[in-house]
Each structure stands twice: as structure tokens, then as C-alpha cells.
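Close look at the chain arrangement
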Amino acid sequence: MRGYPLRSFPATLAFLACVPPIAGAATTQDVDPRLEAMKIEALELVEGRTKLVQEIVDQLFSFGELGFQEFETQRYLTGLLEDNGFEIELGVAGMPSAWTARWGSGRPVIALGSDVDGIPQSNQKPGVGYREPILSMAPGHGEGHNSGQAVNIAAALAVKEIMERENIPGTLLIWPGIAEEQVGSKAFFVRDGVFEGVDVNLFTHVSSNFGVSWGQSGGNALISAQFSFTGETAHSAVSPWRGRSALDAVMLMAQAWEFKREHLRPAARSHYIIVEGGDQPNVVPQQAKIWFFFRERDYELTKEQYDAAILMAEGAALMTGTEIDTIQIVGSAWSRHFNRPVAEATHENIQRVGLPDWSADDLALANGLQRELGQEERGLPDSVPNLRGPVNLARSLGGGSDDIGDVSWNMPTVTLRYPANMPGGPGHNWANGIAMATPIAHKGSLAGAKVQALTLLDLLLRPELVEEAWSYFNDVQTPEQEYIPFISDTDEPAIFLNEDIMRRYRPLMEPYYYDATRFDTYLEQLGIEYPTVREKPIAP
């Protein structure tokens, strides 16, 4: 059972006598004057990195890289962190585009993670409230994963400055969520020891408002698997009887799964695409491949779907005289369970920082996009939601998945959602990228960085918080739930994914990379007037 030794930190900052009380926080008598002084300073230090936050957000937006191919992102972020004294390790856990950046020594060891990959075909001009790509059909940041590393890096650099001056022990580990859209990396990070010795993992994810939760989340666990079949070619018109179609096997497996849907529980989600289906119609396909996502609320129910699919694959091969070539798990995710003490501390810091001051232009862009999408015009949020507690899985109707779940079942973890996007988008879509290199993303990411910096200081200067986090993890979260990874000891990351797409589009996208030495913002570089919206959507 993991524990955390209490340690005392030497007080070297003078107490600021006139510190205003924080709504919802501890009483004045309970406030640690040293910690409070550092928090005030940290907010100023993050604010002083406003330009850095904007540049990181805009730079990663312009790269628009897909999962397992985030090499420009890797080069840029690791170069920045190395220049600031972090020790860089590239290619961790068998993924060439993965990396870690470590600074400091001793405990606590605090990891800060955020995803970095984009969405296929979501390329979009920022600040334009309707469909207008920079490069048609190219990938882009249609979820907003270009912003989270700005949150973590700005927070880490601000806190690092205080730690150096005050000789505060502790280690900061910054890491990227590689190929999150394929749920392809974090289980391998866990398996291969990337988080060994980490005391708390602070994760961030873009949203349209602040948010943090504790306990069991409402999202699903997931297995991502590709089923490949092998048959025999023949001339499709001259001697089709001599062929054995791998595509037939794929289509039969897909049809079998459609019949299975009737018998799935309401919380289940499943989707598939045919990755490979032959070369041309007059040749019976020798090779074919189908890619499934299986989602349910927990390990057992998700594994149940996967096992049923394997039987269907065997039946499809038997019916077509083909063979199953490979069944490869290319991604996986446990359902998420977040740590209560760390979530409560994070929520206090959210309340302290509050939402950004949205301008009239910010609101005009949000309303314009919502109008364009046929949504209610509700602009941007003006209040912070309450701390959310656990979901009753027995009544859950399921939802999305994130492989931060695997991390959360191995150490105390929370996800900070920060307000860098606009409400109303469908998700995984060009519309969800419109705000992501605009003042909305810049302000929201800066606010998120302030919260992250305050929570870092809580963990560094309140050793009892780390102890409480592990007590919750050991005594509440895990006594009756064993973590069994979906991946095996011999599975390897699917680093081949998205290679062909990025090989095609990267040379076309390079001329549009953000040049911070010549332009103040990416909007300026692209010559976009902010905001650009239509008063009335064009009818489809």
C-alpha cells in the first residue's frame, strides 16, 4: 500500500498581512501565510506568461498533427522545456512521438499531463464562425488538444521559479497524451513505468467551462481492436468461385455485430470502420481489415463485448473460407475514477481564479457559431459549476472514453477542465476548432494555468494533502477493484496509425505553421478579422 511521508517545509516568505479571505476556502486563522503568499506570487507569475500561453496554443494549433505522428509538437515543446532546464526523454514507452520532461528532485513527484493530438478532416480557420478550412480535408485541432500543454507548462514554469528561490523539494514531470483520439498511449505509459514514483497526476482537458470531479465518472471503458482477414485472390468475373474474399468476412462480421446491438445494454457504445477492403472490384480481395471501438461502463462489460466480437470473427472466417490473420488491440481505456482530496483542492482554486473576462468579440464568435450550428445562442459561460461527485454506474447511460482512466487506477489523479472552447459544438468536428487559436483559447488556457499552479503549490506545501490523496486511493477507490489492463505484456503501441495521412498532408500544412517571430498571433498571420461570423446561416 502506497503512503507518503510527512515533511516540513522551511518558511522563507514573509506573511502578507492584508491578504483578502477567499470565498469558500479555509478561515483566515487556517490559512498558511507562506502558502498564501506563494499563491499570490504564482498568479502574478502565470499572468506574466500570457504571451507564452498564446504562442504555445497557436503553434500547436498550426501543426494539427494526428495521433502517433505528433513530431512537430514534440520538437517544439521539448525544445521549450529543455531551454527552461527540464531533462527530456524522447520516445518513451515505445512511441517515437512520446516524451517526458522532468525537473527538480525529491518528493512529492507531481506529473502534469495533457493530450496533444488532432482530429482527421477538421482543419479550420480560427476565429471564423462557419466552415472554412485553411487546407481542405486536412487534419486539425477539432477537439482543442493544442491548448492543454500551455496550461501545464505555464503553471510549471511559474511554480519552478518559486521552488528554485525557496529551495522547495519536489519533482515536476510533464508528459503528453499521445494518440488520445485512438486511446493509444496511456495504458502503455502505465505498463512501461513512465509514472513510477509519481505521487499525484494532474491532468488537463479543454472544455467550455471550468470543471473537476471526484469518484467514478460517467464515461465508458474501451477496447479498440483491428481484425484482419486473409483470403485468396481470383478474377471477379472470370473465376470468382476460385477466390475467397477477405472483404466478405469483414462484412459478415460487421453484419453480425449489427444484430448484436439489439442485445447490448443501454450504456454500451460500439462503432467500426472498414480500414482495408481490397484494391479494385475485379480482384477478389485477399486482405481486409475492420476496426472496432467497444465501450461499456467497466472492465468486465467491455471485455464481454470484445470476446463476443472474437467469436463473430471466427464465424465470419468459417463462413467465407478465409482465415483470421491478426486481432490487434490498438488502444484501450479504463473508466475514470478521480481523487476526492485533490479534486476538492482543485475546485477551491477554480473558485479563486474564476472565469476569464470575455470580450464582446469573444461573445460574438460564440453566438455566431451557435447560430450557424442551429443551437441556442448562449455565448460563453459566466459562472463556475459546482464540484461534481461520483456517478452511479448502475444508472449510467455511458458516454465517451479517455485513457487517463488507466492512470487514475494506478495513482491519485484528477482532470482539470478549463474554459478554452465554446459551447455548442458536436465534438470531433471543425466547429470545435474555431475558438482554439483565438482570444477565447488564450484566456481560457491562461486561467487554467493559474488553477494548475495553485494546485501544484497545494501539493508541494501541504504534505497532508498528498497523504489524504493516497488514503482515498488505497482505502476508498481500490479495495474492491483490481486494475487489470486490457493490453498484454507483449502488445505494442500502434505507431503506424495516421502515418499515411500525415505523410500526405504535412508538406501541404507546413507553409501555414505559425511563425511567432513575424506575427503576434496566428489570427494575424492568417489575416483573419476577429470575429468573422454570419448573421444568418446559409441554408443547406
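Residues numbered from 1 in each chain as written. Predicted model: local features only at pLDDT ≥ 70, side-chain atom pairs only at ≥ 80, totals over all residues. Heavy atoms only, no water.

Turning next to the overall build of the chain. Regarding its fold elements, the chain presents 14 helices and 12 strands. A compact globule built from 540 residues should have a C-alpha radius of gyration of about 24 Å, and the chain, at 24 Å, falls within 12% of that. Taking the principal axes of the C-alpha coordinates as reference, the chain spans close to 90 × 55 × 45 Å. Out of the 540 residues belonging to the chain, those deemed buried represent 57%. Counting only contacts in the chain whose residues sit at least 6 apart along the sequence, the fraction spanning at least 24 positions is 82%. Approximately 22,000 Å² of the chain is accessible, and the part contributed by carbon and sulfur atoms is 50%. Each charge class in the chain can be summarised by its mean position, and for the 42 positive and 71 negative side chains these summaries are 3 Å apart. (Helix = DSSP H or I, 4+ residues; strand = E, 2+ residues; numbered from the N terminus. Rg over C-alpha atoms; globule rule 2.2 N^0.38 Å. Buried < 20%, exposed > 50% of the residue type's maximum accessible area, 1.4 Å probe, protein only. Contact = heavy atoms within 4.5 Å. Areas by Shrake-Rupley, 256 points an atom, 1.4 Å probe, with all protein chains shown as cover. Lys, Arg positive; Asp, Glu negative; His and termini not counted. Charge placed at Lys NZ, Arg CZ, Asp CG, Glu CD.)

The strand order across the open sheet formed by 4 strands is β8-β9-β7-β10, and the pairing between neighbours is antiparallel. Only two strands of the sheet have a single partner each, and these edge strands are β8 (269-276) and β10 (323-333). Taken pair by pair, the neighbouring strands of this sheet meet at an average axis angle of 15°, ignoring direction. Across 10 bridges, the pairing between strand β7 (residues 221-230) and strand β9 (residues 287-296) is antiparallel. Counterpart to Gln-226 in the pairing with β9 is Trp-291. On the sheet, helix α6 (residues 246-261) packs against β7, β8 and β9 and is oriented at approximately 20° with respect to β9. Lying on the sheet, helix α7 (residues 299-320) is in contact with β7, β8, β9 and β10; it crosses β7 at an angle near 10°. (Pairing = 2+ DSSP bridges. Axes fitted to C-alpha atoms, helices over the stretch in contact; angles between N-to-C directions.)

Once that is clear, we can look at the packing of helix α1 (residues 33-47) against helix α4 (residues 148-166). Two quantities define a packed helix pair, namely the angle between the axes and the distance from one axis to the other. Packing of α1 against α4 brings their axes to within 9 Å, and their N-to-C directions diverge by 135°. The orientation of α1 with respect to α4, classified from their angle, is oblique. Between α1 and α4 lies a crossing of right-handed hand. The segment α1 lies against α4, with Arg-34, Met-38, Glu-41, Ala-42, Leu-45 and Val-46 engaging Ala-154, Ala-155, Ala-158, Glu-161, Ile-162, Arg-165 and Glu-166. Across the contact of α1 with α4, the residue classes break down as 8 nonpolar, no polar and 5 charged. (Parallel < 35°, antiparallel > 145°, perpendicular 65-115°, else oblique. Left-handed = near helix turned anticlockwise from the far one by under 90°. Nonpolar A, V, L, I, M, F, W, Y, C, P; charged D, E, K, R; others polar.)

Right, let's get into the confidence of the model for the chain. Residues at a pLDDT of 70 or more form 94% of the chain, whose mean pLDDT is 94. When pLDDT is averaged over each helix and strand of the chain, the minimum, 96, is found for strand β6 (residues 215-216) and the maximum, 99, for helix α2 (residues 50-63). (pLDDT = per-residue confidence, 0-100.)

On to α1. Between its terminal C-alpha atoms α1 stretches 21 Å, which fits the 21 Å expected from 15 residues at 1.5 Å a residue. Residues of α1 that are buried include every one of Arg-34, Leu-35, Glu-36, Ala-37, Met-38, Lys-39, Glu-41, Ala-42, Leu-45 and Val-46, and no others. Elements that come into contact with the buried residues of α1 comprise α2, α4, α8 (340-353) and α11 (439-461). At the N-terminal boundary of α1, the capping side chain belongs to Asp-32, with an oxygen 3.0 Å from the backbone nitrogen of Arg-34. (Expected span 1.5 Å × (residues − 1). Polar contact = N/O pair within 3.5 Å; in protein donor to acceptor, adjacent residues only side chain to side chain.)

Time to look at the side chain of Asp-406. Tracing the backbone shows Asp-406 in helix α10 (residues 404-408). For the buried residue Asp-406, which engages in no salt bridge, the nearest side chain bearing the opposite charge is Lys-186, 8.3 Å off. Apart from the residues lying within four places of it in its own chain, the contact partners of Asp-406 are Ala-187, Val-190, Ser-332, Ala-333, Trp-334 and Tyr-483. (Salt bridge = Lys/Arg side-chain N within 4 Å of Asp/Glu carboxyl O.)

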